[in-house]
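A look at the structure
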Amino acid sequence: MRRPPHTPISRRLGAVALSITILWVVFAAAGSDTVGGAMEALSRQGQLPIALLRQELGDIQREDLLTMATELVISQSPLLLGSREAILSLRSEDQGEDETRQETPIREEPVSPEPASPDNAAPPAFADNGVPAKTLLPTSSEGYLLRGLAYINNYSNNSLTAEEVQGDFAAVLGEGEPQVLIVHTHGSEAYTMPPGQEYVPSGESRTTDTAYNVVRIGDEIADVLSRRGISTIHDRSLYDYPQYNGAYDRSLDAIEGYLAKYPSICFVLDVHRDAISDGEGTVYKVISETAQGPSAQLSLIVGTNGSGLKHDQWRENLRLAAAVQDTILQDFPTLMRPITVRNSRYNQHCTTGSLLVEVGAAGNSLDEALLAAKLFAEGFADTILPTKSS
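Residues numbered from 1 in each chain as written. Predicted model: local features only at pLDDT ≥ 70, side-chain atom pairs only at ≥ 80, totals over all residues. Heavy atoms only, no water.

**A short note on the overall build of the protein chain**
- Per the secondary structure count, the protein chain includes 10 helices and 12 strands.
- Sequence-distant contacts, at least 24 apart, represent 78% of the contacts inside the protein chain between residues at least 6 apart.
- On the protein chain, roughly 17900 Å² of surface is accessible, and the fraction owed to carbon and sulfur atoms is 54%. (Helix = DSSP H or I, 4+ residues; strand = E, 2+ residues; numbered from the N terminus. Contact = heavy atoms within 4.5 Å. Areas by Shrake-Rupley, 256 points an atom, 1.4 Å probe, with all protein chains shown as cover.)

Here's what the structure looks like:
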């Protein structure tokens, strides 16, 4: 019997390298409908080792990285698993800030939505977008810090006690105008529209059409605050398009510019939306049933100095977040998910009244997110108006 010809080791290694490259290209370009879209997806992947390592670090919700299938493959690699510390340093040097994409905290469990308010008037019927709904709430106080009704989940490297989240927050409404700045670091983030109401996408659950993305949510918040007598500037720029990476640097430049021009600004709201899916990749929307209809749930993200970037007064932002959350939950017990404290500072070092607000998730409809924005803005106004001197 003849032996098959011997394959030189160099050819074998070349074949393996080619296979890995092809797999990466397939995963990176998955979901692209055109050649241009595929090239854009490949460019977003950047350097393959960094993309793979960042995926392993848990950025499974990042829409500009790899798919869930790739993440499962990576998790079996000892080489990647052993490089966590090195890649954390690389990420800090490359981007300065962690481009936020909130993953559902493991202590949040789905529960049945509470009944609508006993109001006799039926809530408005929003068109169904077909996405399965969950109401995410903590099942116990274990592992959380509490301030009133607000639950706080500390994922940062900083120690935090219950006493540190009590008391008044530092930011107050002054006499000058404007008083509040609304920005969108990831302004192209969008929602899942019902059939017949689709937008032109610029990426997965993203669009540059400000009638459908989170800029529209900012419009609603600004309108409510203005009607409550709070002077507000809404920056409708898209800092994540056409380039996603570096969005926090660009929005920081804008925030600093506004603060220099308008020293009266004391509160800064960076409005986003979340992205939530289970371990099998099923996308969910998060819902709170209210008398005004099904509202998207909201979450507040508080940044710290845990990444090594200067942010000495982050606890003031946390006290503000807890006060706002406590106010809202008194009227809408399921509207807010627990506050999340993270290492990245998210440009919140600029003022002691800075919050990152995630209005719903990619699976929510725009109608659900708009109602959430309205309810949040009312609660935010109720919290900060008493600070204004008469």
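**Looking at the packing of aromatic side chains**
- The tally for this structure, following the rule as stated, stands at five aromatic pairs.
- Here the aromatic rings of F267 and F380 are separated by 5.7 Å at their centres, their planes lie at 90°, and the arrangement is edge-to-face. Pair noted here: F267 is in strand β7 (residues 267–274) and F380 is in helix α10 (residues 366–384), with a separation of 113 residues, a long-range link.
- Residues F376 and F380 carry aromatic rings whose centres are separated by 5.8 Å and whose planes lie at 15° to one another, so their mutual orientation is stacked. Of the two residues, F376 and F380 are both situated in helix α10; the distance of four residues between them amounts to about one turn of the helix. (Phe/Tyr/Trp six-rings, centres within 6.5 Å; stacked < 30°, edge-to-face > 60°.)

**A few points about the environment of H234**
- Among the secondary structure elements, H234 is positioned in strand β6 (residues 232–234).
- When the C-alpha positions of H234 and V215 are compared, they lie 8.8 Å apart, and in sequence the two are 19 residues distant.
- In contact with H234, other than residues within four places in its own chain, are I182, H184, V215, G218, D219 and A222.
- Here D219 takes part through its side chain, which lies 2.9 Å from a polar atom of the side chain of H234. (Polar contact = N/O pair within 3.5 Å; in protein donor to acceptor, adjacent residues only side chain to side chain.)

**Let's talk about the pairing of β7**
- Where burial is concerned, most of β7 is hidden: eight out of the eight residues are buried.
- Here β7 shows two buried faces, one formed by F267, L269, V271 and R273 and the other by V268, D270, H272 and D274.
- Taken together, the four bridges between strand β5 (residues 180–183) and β7 define a ladder with parallel strand orientation. Along β7, the bridge assignment pairs V183 with D270.
- As paired elements, β7 and strand β12 (residues 354–361) share six bridges and run parallel to each other. Note on β12: the bridge partner recorded for V268 is S354. (Buried < 20%, exposed > 50% of the residue type's maximum accessible area, 1.4 Å probe, protein only. Pairing = 2+ DSSP bridges.)

**Here we look at the side chain of H184**
- Position of H184 among the secondary structure elements: in the loop between β5 and α7 (214–227).
- Looking at H184, its side chain comes within polar contact range of the side chain of H234, at 2.7 Å.
- A polar atom in the side chain of H184 sits 3.0 Å from the backbone oxygen of V271.
- Contacts of H184, omitting those with residues within four sequence positions, involve V214, V215, G218, H234, D235, S237, Y239, D270 and V271.

**Overview of unusual backbone geometry**
- The amide bond that connects E177 to the next residue, P178, takes the cis arrangement and shows omega of -5°.
- With respect to the element layout, P178 can be found in the loop between β4 (150–154) and β5.
- Of note, the amide linkage connecting Y241 to P242 takes the cis form, showing an omega dihedral of 5°.
- Mapped onto the elements, P242 comes out in the loop between β6 and α8 (247–261).

**Quick word on the sheet that holds β7**
- A sheet is described by the order of its strands in space; here eight strands give the open sequence β3-β4-β11-β10-β12-β7-β5-β6, paired in mixed fashion. With partners counted over all chains shown, the strands left at the sheet margins are β3 (145–147) and β6, one partner each. Pairwise comparison of adjacent strand axes, ignoring direction, gives a mean angle of 25° for this sheet.
- Each of β5, β6, β7 and β12 is contacted by α7, which is oriented at about 170° to β6, the strand it contacts most.
- Sitting on the sheet, α10 is in contact with β5, β7, β10 (298–303) and β12, with an inclination near 155° to β12. (Axes fitted to C-alpha atoms, helices over the stretch in contact; angles between N-to-C directions.)

**Focus: the nonpolar core**
- In terms of nonpolar packing, the biggest core is built from 57 residues, with I217, I221, L269, F376 and F380 touching the most fellow members.
- With near-sequence residues (within four places) excluded, F380 lies in contact with V180, L225, F267, L269, V324 and L355.
- The next biggest cluster of nonpolar side chains, apart from the first, holds seven residues, and it includes I255, L259, I265 and V268. (Core = buried A, V, L, I, M, F, W, Y, C linked by side-chain atoms within 4.5 Å.)

Limitation: the analysis is restricted to geometry and does not speak to function.
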